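Here is how the chains run, residue by residue.
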Amino acid sequence: GAVVSQHPSWVICKSGTSVKIECRSLDFQATTMFWYRQFPKQSLMLMATSNEGSKATYEQGVEKDKFLINHASLTLSTLTVTSAHPEDSSFYICSARDRTSGIYEQYFGPGTRLTVT
Amino acid sequence: DAKTTQPPSMDCAEGRAANLPCNHSTISGNEYVYWYRQIHSQGPQYIIHGLKNNETNEMASLIITEDRKSSTLILPHATLRDTAVYYCIVRALFGGYQKVTFGTGTKLQVIP
């Protein structure tokens, strides 16, 4: 099946710094990628949807100036958490949608654990 | 995407079948039923999906009621590694804009 990778798998950063997380579709082209956030013992919450070459669409309550999303190519999307604070500590998961044959299958990455100290 | 309702938790003895129910009474005609699971600290893993016929693969079976308002995921011989949160999702596959949104899921605990 299609593979989605994330890098790094975990990161620790100091409060006030910025962190970039990469999401790659390894064997398919993803015109659309999704970013989710998951706090401990909670479900995945969709943060934003990004389409290649255009601005991301953010879900209600998600600060677009804090969570910068770039989808510059059909295989790469990045999420940058700017001026991170301890409350941003979470598990971030990306998902990529394969549009092969008109069927919009969606594949998930392994997640990135962010800890802000 | 239509909403789904799942029990928050279930236990299953190792080696026995685990039957996980899901209600999706507002499902539309073009929406599929998908099941994913999430093992602790990992990304969601696809299990199976179906439209109206029962489906089976190497991981599980999916039974969808005739009116499509509910479904059951069956893990035929649960192992300790099947302990995870299982999510039932309904979504359209073809065309248009749709996104996968997760409910609270069912936490399955397989007991030795």
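Attention here is on the structure that accompanies the text. Here the structure is a predicted model, which means the values were calculated and not measured.

About the criteria used
Residues numbered from 1 in each chain as written. Chains lettered and ligands numbered in written order. Predicted model: local features only at pLDDT ≥ 70, side-chain atom pairs only at ≥ 80, totals over all residues. Heavy atoms only, no water. Pairing = 2+ DSSP bridges. Helix = DSSP H or I, 4+ residues; strand = E, 2+ residues; numbered from the N terminus. Axes fitted to C-alpha atoms, helices over the stretch in contact; angles between N-to-C directions. Contact = heavy atoms within 4.5 Å. Buried area = accessible area lost by both parts, 1.4 Å probe. Salt bridge = Lys/Arg side-chain N within 4 Å of Asp/Glu carboxyl O. Polar contact = N/O pair within 3.5 Å; in protein donor to acceptor, adjacent residues only side chain to side chain. Nonpolar A, V, L, I, M, F, W, Y, C, P; charged D, E, K, R; others polar. Buried < 20%, exposed > 50% of the residue type's maximum accessible area, 1.4 Å probe, protein only. 1 Å grid on protein atoms, 1.4 Å probe; cavity = no way out; pocket = protein on both sides within 12 Å on 5 of 7 lines; lining within 4 Å. Points joined across faces, edges and corners; volume = space filled by probe spheres on them. Lys, Arg positive; Asp, Glu negative; His and termini not counted. Disulfide = S-S within 2.5 Å.

### Here's the deal with the sheet that holds strand E1 (residues 4-7) of chain A
Residues and elements named next belong to chain A.
Then step 1. Taken in spatial order, the four strands make up an open sheet running E1-E3-E8-E7, and their pairing is antiparallel. The open sheet terminates on both sides in strands that have one partner only, identified here as E1 and strand E7 (67-73). The sheet shows a mean angle of 15° between the axes of neighbouring strands, direction not considered.
Then step 2. For strand E3 (residues 19-25) and strand E8 (residues 76-81), the ladder comprises six bridges, and the chain directions are antiparallel.

### Details of the interface of chain B and chain A
Then step 1. In this assembly, 21 residues from chain B lie in contact with 21 residues from chain A.
Then step 2. Interface of chain B and chain A: buried area, both sides summed, is about 1600 Å²; carbon and sulfur atoms make up 51% of it.
Then step 3. The largest per-residue losses of area from chain B upon contact with chain A belong to Pro44, Lys99 and Phe102 of chain B, which jointly make up 25% of the total buried on that side.
Then step 4. For the interface between chain B and chain A, the tally reads zero salt bridges.
Then step 5. Here chain B is connected to chain A by five residue pairs in polar contact (both at pLDDT 80 or more).
Then step 6. Looking at the side of chain B that touches chain A, the elements that each hand over two or more residues are strand E3 (31-38) and strand E8 (84-92) of chain B.
Then step 7. The element contributing the most residues to the side of chain B that touches chain A is E3 of chain B, with three residues.
Then step 8. Looking at the side of chain B that touches chain A, its residues break down into nine nonpolar, ten polar and two charged.

### With respect to the pairing of strand E9 (residues 106-111) of chain B
Regular strands place their side chains on alternate faces of the sheet.
Residue and element names in this part refer to chain B.
Then step 1. Side-chain alternation along E9 places Thr106, Leu108 and Val110 on a buried face and Lys107, Gln109 and Ile111 on a face that remains uncovered.
Then step 2. In terms of strand pairing, E8 meets E9 through three bridges, oriented antiparallel. Its bridge partner lying in E9, Val85 is registered against Lys107.

### Side note on the layout of surface pockets
Residues and elements named next belong to chain B.
Then step 1. Taken as a whole, the largest pocket holds about 580 Å³ of empty space.
Then step 2. For the lining of the largest pocket, the secondary-structure elements that each account for two or more residues are E8 and E9.
Then step 3. The leading source of residues in the lining of the largest pocket is E8, at three residues.
Then step 4. Here the lining of the largest pocket is composed, by residue class, of eight nonpolar, ten polar and three charged.

### A closer look at the side chain of Arg37 of chain A
All names here are of chain A.
Then step 1. By the secondary structure assignment, Arg37 is in strand E4 (residues 30-38).
Then step 2. It turns out Arg37 is buried and unbridged, and the closest side chain with the opposite charge, Asp88, is 4.7 Å from it.
Then step 3. For Arg37, the residues in contact, after removing those within four places along its chain, are Ser43, Leu44, Met45, Met47, Phe67, Ser90, Phe91 and Tyr92.

### A word on the state of the cysteines
Then step 1. Per the counting criterion, the structure on display carries two disulfides over all chains.
Then step 2. The residue that forms a disulfide with Cys22 of chain B is Cys88 of chain B, at a sulfur-sulfur distance of 2.1 Å. Between Cys22 of chain B and Cys88 of chain B, the disulfide has an S-S torsion of -80° and is therefore left-handed. With Cys22 of chain B in strand E2 (residues 18-23) and Cys88 of chain B in strand E8, the pair connects residues that are 66 residues apart, well separated along the chain.
Then step 3. As a non-bridged cysteine, Cys13 of chain A has Cys94 of chain A as the owner of its nearest cysteine sulfur, 18 Å distant.

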